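A look at the structure
Here's the letter readout for the chains.
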Amino acid sequence: MRFRLWKDKLVQYGSAFLLITKILVVVLIAVGLTLKSLPLLKNENLWEILSSSVWSPLRGNFGFLPFILGTVWVTVISLIIAVPLCIMASIYLVEFASDRLRKSVLPLMNVLAAIPPVLYGVWGILFVVPILRNYVAPLFGVDTTGFSVFAGGIVLAVMIFPILISIMVEVMQTVPQELKDASLSLGATQWETIVSVNLRKAKPGIIAAVVLGVSRAIGETIAVLMVCGNVPQIPKSWFDAGYPIPALIANNFGEMMSIPMYDSALMFAALLLFVIIFGFNLISRLVLNRLEDHG
Amino acid sequence: MAKQVSTRFVRNRLRKEKIAKLLMQLCGITITGSLFFIVGTILYKGLPYLSWEMVSQSPQGGFYIGKGGGILNAILGSLYLALASTGIATLIGVPISLYLNLYVPKDSFIARSAKLLFDVLFGIPSIVYGAIAFSIMIWLGIRASLLGGIITITLLTIPIVVRTIDELLKTVPIDLTQVTFSLGATRWEAARVVLKYIKPGIFTAILLAFGRAIGDVAGVLLTTGFSDNMPKYIDEPAATLPLAIFFQLSSPIPEVQGRAYASALVLTIIILFIVLCTHLLAAKQKKHKL
């Protein structure tokens, strides 16, 4: 009898220990990144680093603006493409599609989510970039290699489809049937009901899903790195090359040790990503959890 | 007269609905189509280059300037890395989620905030894990190696395991645990009953984590290094499949690029196989439930 209780306690403390360790690792990441980026922050003030657009590590100029704007461009383009598509598709799946269609589409979304980023990158290089170069850019009279923030945005849009669809479908399913019935019985068409009842009711959830999608898009490294050109400039149009923050870290880590402050700057970039993504995730999860509690 | 106006009005609204419906169908087709598009592109480009030599040999000298050999070292490296990190992540993740569901009250502050934390961690990009692991490795004087990669990827996969198992534990009927407790079982004994109940689901969680681990690049880019040799020791740099794709693709030599396509195809096949397995297991879990 004693032995069984001991075993129970042992498992309890063991798992609690694992949990605490894992939480400590997160704290360690946050503290470590901050400590490592302190040298840079001591040298220049935070605003200076974020708003300067000169990036020349050899001369000690670390302006993050091109990378921040590169990230913003790619992310915004991917949202412009993905959000309307996903809202429309998930409405269809919830309100119009047959059970059979829904049950065969949602697993396909899981497949899409399981495809590794590097394969999206390969697809981007093989398909998206040439299409942009040979067909889309000439339409606008632009000459481009195709490696651009536009290409990055398209690849990212496809990458965030699954997360957007799965959350939006779940959120739309929580809209009470009574509300829809009320609207329909007043003579609204199904589409009018969707616009004025479903979408309004599901709005917080849709926004939370989009925020989650944004955080996924911001952190995506390899796929974007492979297709967006990696020129440290501020992109002026959809067809300009850009250089998002994750790509900056991935491309330069090998050589950072030889140049003073370089590692501190890259760690600052990682810290920036960590803080932004942690914040976005936290906000949208809180919203989604609350919706789930009410539903 | 009035009647005519109103019918036209209604017809207009119905037409709007029809257009909206069509648009929605188009959106759905675009989204699902993109999946077939991606797999199709890789199949189309990769198939001509895929050969038995590619998957059964390690790189010979000068592999990256177009000489002979294959990517067996990268395939094995990926499998080792993913197996080891998924194994460790399962050993750490399963107790954590059991603890959060059975040992502390489900609605307690600890359980709720810990679950939230894991949800948030799920979204942290692997490049951040890679960056921090890389600097710790420099600080400790460890060079880029299979071990470094395994540690990084383990940190990355723990949240996946915890989250998935947590979802599974939600499906366990309360009666089951209540009955076990009322028979005088300890919490650990109840946990074992629960574990048996969600067994197929646990494999799903493991497979999900495995899929993520085998496909990750950003994390291993900084911590695992790269090597043409077969992975033999854990403290040596090793190649992984995604890295091999990434490096070969940036080569100007068409033949090496072709190998990148073939490697991408191999990775796709592995991933599709994993997805198929998870699907079958999920079906089994569902049957289990009824």
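Residues numbered from 1 in each chain as written. Chains lettered and ligands numbered in written order. Predicted model: local features only at pLDDT ≥ 70, side-chain atom pairs only at ≥ 80, totals over all residues. Heavy atoms only, no water.

**Re the overall build of chain B**
- Helices and strands together make up the secondary structure of chain B, namely 12 helices and zero strands.
- Helices (α) and strands (β) of chain B occur, in sequence order from the N terminus, as α-α-α-α-α-α-α-α-α-α-α-α.
- Here chain B has a C-alpha radius of gyration of 25 Å; the compact-globule value for 290 residues is 19 Å, and the former is much larger.
- The dimensions of chain B, computed from C-alpha atoms along their principal axes, are 85 × 70 × 35 Å.
- Looking at chain B residue by residue over its 290 residues, the buried ones come to 52%.
- Counting only contacts in chain B whose residues sit at least 6 apart along the sequence, the fraction spanning at least 24 positions is 73%. (Helix = DSSP H or I, 4+ residues; strand = E, 2+ residues; numbered from the N terminus. Rg over C-alpha atoms; globule rule 2.2 N^0.38 Å. Buried < 20%, exposed > 50% of the residue type's maximum accessible area, 1.4 Å probe, protein only. Contact = heavy atoms within 4.5 Å.)

**As for the layout of surface pockets**
- Its volume calculated, the second largest pocket comes out at about 380 Å³.
- Taken together, 22 residues make up the lining of the second largest pocket; nearest its centre are V25(A), I151(B), T152(B), T154(B) and L155(B). (1 Å grid on protein atoms, 1.4 Å probe; cavity = no way out; pocket = protein on both sides within 12 Å on 5 of 7 lines; lining within 4 Å. Points joined across faces, edges and corners; volume = space filled by probe spheres on them.)

**Details of the packing of aromatic side chains**
- A complete count under the given rule lists 19 aromatic pairs over all chains for this structure.
- For the ring pair F246(B) and F247(B), a centre distance of 5.7 Å and an interplane angle of 50 degrees mean the geometry is tilted.
- Residue F247(B) is classed as partly exposed on the basis of its relative accessible area, which comes to 32%.
- In this structure an aromatic cluster arises from ring pairing among W55(A), F62(A), F64(A), F67(A), Y243(A), Y262(A) and F268(A).
- One Lys or Arg, R163(B), reaches over the ring of F122(B) and ends 4.3 Å from the middle of that ring.
- A cation over a ring is seen here: R212(B) above F122(B), with NZ or CZ 6.0 Å from the ring centre. (Phe/Tyr/Trp six-rings, centres within 6.5 Å; stacked < 30°, edge-to-face > 60°. Lys NZ or Arg CZ within 6 Å of the ring centre and 35° of its normal.)

**Describing the packing of helix α6 (residues 146-170) of chain B against helix α9 (residues 199-215) of chain B**
All names here are of chain B.
- Their axes nearest at 9 Å, the elements α6 and α9 cross at an angle of 150 degrees. Taken together, the axes of α6 and α9 lie roughly antiparallel to each other. Where α6 crosses over α9, the handedness of that crossing is right-handed. In this structure, α6 contributes I153, L156, T157, I160, V161, T164, I165 and L168 to the contact, and α9 contributes G201, I202, A205, L208, A209, R212 and A213.
- Considered class by class, the residues forming the contact of α6 with α9 number 11 nonpolar, three polar and one charged. (Axes fitted to C-alpha atoms, helices over the stretch in contact; angles between N-to-C directions. Parallel < 35°, antiparallel > 145°, perpendicular 65-115°, else oblique. Left-handed = near helix turned anticlockwise from the far one by under 90°. Nonpolar A, V, L, I, M, F, W, Y, C, P; charged D, E, K, R; others polar.)

**What about the nonpolar core?**
- Ranked by internal contacts, the top residues of the largest apolar core, which has 185 residues, are L33(A), F64(A), V118(A), Y120(A) and L164(A).
- Excluding its chain neighbours within four sequence positions, the residues that come into contact with L164(A) are A82(A), V83(A), C86(A), A209(A), V210(A) and G213(A). (Core = buried A, V, L, I, M, F, W, Y, C linked by side-chain atoms within 4.5 Å.)

**Considerations on a nonpolar patch on the surface**
- Among the surface-exposed residues, I20(A), I23(A), L24(A), V27(A), V31(A), L35(A) and L38(A) lie close enough to one another that they form a single nonpolar patch of about 580 Å² accessible area.
- Note that V31(A) resides in helix α1 (residues 2-43). (Patch = residues over 30% accessible without salt bridge, like charges linked within 9 Å, V, L, I, M, F, W, Y side chains within 5 Å. Areas by Shrake-Rupley, 256 points an atom, 1.4 Å probe, with all protein chains shown as cover. Salt bridge = Lys/Arg side-chain N within 4 Å of Asp/Glu carboxyl O.)

**Looking at the interface of chain A and chain B**
- With 79 residues of chain A at the contact, the number on the chain B side is 80 residues.
- Note on chain A versus chain B: buried area summed over both sides is about 6,800 Å², and carbon and sulfur give 80% of it.
- The three residues of chain A that bury the most area against chain B are L19(A), K22(A) and L126(A), which together make up 10% of that side's buried surface.
- Put simply, chain A and chain B have three salt bridges between them.
- For D8(A), the salt bridge is made with R187(B), and the minimal N-O distance between the two is 3.1 Å. (Buried area = accessible area lost by both parts, 1.4 Å probe.)

**Considering the packing of helix α3 (residues 65-96) of chain A against helix α6 (residues 149-173) of chain A**
Residues and elements named next belong to chain A.
- Packing of α3 against α6 leaves a shortest axis separation of 6 Å and a crossing angle of 35 degrees. Here the hand of the crossing between α3 and α6 comes out right-handed.
- The residue inventory of the contact of α3 with α6, partitioned by class, reads 26 nonpolar, six polar and no charged.

All quantities given are derived from atomic positions and should not be read as evidence of function.
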